[in-house]
Amino acid sequence: GENVEQHPSTLSVQEGDSAVIKCTYSDSASNYFPWYKQELGKRPQLIIDIRSNVGEKKDQRIAVTLNKTAKHFSLHITETQPEDSAVYFCAPTTGGGNKLTFGTGTQLKVEL
Amino acid sequence: DTAVSQTPKYLVTQMGNDKSIKCEQNLGHDTMYWYKQDSKKFLKIMFSYNNKELIINETVPNRFSPKSPDKAHLNLHINSLELGDSAVYFCASSQGNTGELFFGEGSRLTVL
């Protein structure tokens, strides 16, 4: 199957707080787990990704953690800033690993 | 030196018309895609081409016909436009079918 769900669908945090978005997938063959950020009116852009032989990856204020057994991976943003406000999509590989399937999206709003 | 460029950026047309969107990438990638993003922000893959060959064709009405004259170009032609075709259409490219996706700016299609 290719179900890819994200929770929450909307998230509002105060500037400086942390934000966590979870992505749940159903394809046990998934082996690549990226996160994309889409600012209002712009194109989606890759912000971080992880492969299935790694449990966690960090890049400055963002990190991704993977739990293959439970089939979910999460995006963590620390010290959130207003420019982090965007829609975030996970996009794990599906269909035997031959494509990426985008999740349902999470609207993150960072309030001053 | 835009990496993935698509034209036109905006398209407003009447139901029943035929329209085309063009896409070009200068990244030397071997795989190109068309994605549809609806008003709820869901991003759905429509087609994927690898070296001019169609490799993914999701459940898309056959009014939509992609054409790849060479591996740097992927055009989308839509016949007999319907109201439900209104969306933002994104072209993207990647190296391999699970590499980082580079998106174009999107083409906003409005069918009246």
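All of the points below concern the structure found in this document. (Residues numbered from 1 in each chain as written. Chains lettered and ligands numbered in written order. Predicted model: local features only at pLDDT ≥ 70, side-chain atom pairs only at ≥ 80, totals over all residues. Heavy atoms only, no water.)

Moving on, we come to the side chain of Ser93 of chain B. Residue and element names in this part refer to chain B. Examined against the element boundaries, Ser93 turns out to sit in strand β9 (residues 87–94). Looking at Ser93, the relative accessible area reads 0%, which means it is buried. Within the structure, Ser93 has its side chain in polar contact with the side chain of His29 (distance 2.8 Å). (Helix = DSSP H or I, 4+ residues; strand = E, 2+ residues; numbered from the N terminus. Buried < 20%, exposed > 50% of the residue type's maximum accessible area, 1.4 Å probe, protein only. Polar contact = N/O pair within 3.5 Å; in protein donor to acceptor, adjacent residues only side chain to side chain.)

Let us now look at the interface of chain A and chain B. Contacts between the two partners involve 17 residues from chain A, matched on the other side by 17 residues from chain B. Where chain A abuts chain B, roughly 1600 Å² becomes buried across the two surfaces, and 58% of that area is made up of carbon and sulfur atoms. If you sort the residues of chain A by the area they bury against chain B, Arg43, Lys99 and Phe102 of chain A come out on top, with a joint share of 34%. In this structure, the connection of chain A to chain B is made through 2 salt bridges. When the shortest N-O distance is used, the salt bridge between Glu105 of chain B and Arg43 of chain A registers 3.9 Å. Scanning the region where chain A abuts chain B turns up 4 residue pairs in polar contact (both at pLDDT 80 or more). Of all the elements in the fold, those that place two or more residues in the side of chain A that touches chain B are β4 (32–38), β5 (45–51) and β11 (99–100) of chain A. A total of 3 residues in the side of chain A that touches chain B trace back to one element, the largest contributor, which is β4 of chain A. Residues that form the side of chain A that touches chain B fall into these classes: 7 nonpolar, 5 polar and 5 charged. (Contact = heavy atoms within 4.5 Å. Buried area = accessible area lost by both parts, 1.4 Å probe. Salt bridge = Lys/Arg side-chain N within 4 Å of Asp/Glu carboxyl O. Nonpolar A, V, L, I, M, F, W, Y, C, P; charged D, E, K, R; others polar.)

Take the state of the cysteines next. Enumeration according to the criterion identifies 2 disulfides over all chains in this entry. Through a disulfide, Cys23 of chain A is tied to Cys90 of chain A; the S-S separation comes to 2.0 Å. An S-S torsion of about 65 degrees defines the bridge between Cys23 of chain A and Cys90 of chain A as right-handed. Linking Cys23 of chain A in strand β3 (residues 19–25) with Cys90 of chain A in strand β9 (residues 86–90), this pair joins segments that are 67 residues apart in sequence. Of the two residues, Cys23 of chain A and Cys90 of chain A, neither departs from the other in class, the shared state being buried. The disulfide partner of Cys23 of chain B is Cys91 of chain B, and the S-S distance across this bridge is 1.8 Å. Here the disulfide of Cys23 of chain B and Cys91 of chain B is left-handed, its torsion about the S-S bond being about -75 degrees. (Disulfide = S-S within 2.5 Å.)

Moving on, we come to the environment of Val64 of chain A. Residue and element names in this part refer to chain A. Tracing the backbone shows Val64 in strand β7 (residues 62–67). Accessibility expressed as a relative area gives 0% for Val64, which makes it buried. Each C-alpha atom of the pair Val64 and Val20 lies 9.5 Å from the other, and the pair is 44 residues apart in sequence. For Val64, the contacting residues outside a window of four places in its chain are Trp35, Ile48, Asp49, Ile50, Gly55, Glu56, Lys57, Phe73 and Ser74.

As a further point, take the sheet that holds strand β7 (residues 64–70) of chain B. Residues and elements named next belong to chain B. Across the sheet, which stays open at both edges, the 4 strands sit in the order β1-β3-β8-β7 with antiparallel pairing between neighbours. Each of the sheet's edge strands pairs with one partner strand only, and the pair in question is β1 (4–7) and β7. The mean inter-strand angle of the sheet, taken between neighbouring strand axes irrespective of direction, is 15 degrees. The pairing of β7 with strand β8 (residues 73–78) spans 5 bridges and is antiparallel. Bridge pairing in β8 places Phe64 opposite Ile78. (Pairing = 2+ DSSP bridges. Axes fitted to C-alpha atoms, helices over the stretch in contact; angles between N-to-C directions.)

So, on to the nonpolar core. Trp35, Phe73, Leu75, Ile77, Tyr88 and Leu108 of chain A are the most contacted members of the largest nonpolar core, which has 22 residues in total. Counting only elements with at least two residues in this core, the list comes to β2 (10–14), β3, β4, β5, β7, β8 (72–77), β9 and β12 (106–111) of chain A. Sorting elements by how many residues they give to this core places β3 of chain A first, with 4 residues. By size, the runner-up hydrophobic cluster in this structure holds 19 residues, among which are Val4, Cys23, Leu81 and Cys91 of chain B. (Core = buried A, V, L, I, M, F, W, Y, C linked by side-chain atoms within 4.5 Å.)

This paragraph deals with the pattern of salt bridges. All names here are of chain B. Within the structure shown, the criterion is met by 7 salt bridges over all chains. Two residues, Glu82 and Arg63, come together in a salt bridge whose shortest N-O distance is 3.5 Å. In this pair, Glu82 is assigned in the loop between β8 and β9 and Arg63 in the loop between β6 (53–57) and β7, connecting sequence segments 19 residues apart. Take Glu82: its relative accessible area is 42%, and that puts it in the partly exposed class. One salt-bridge network, held together by shared partners, links Arg63, Glu82 and Asp85.

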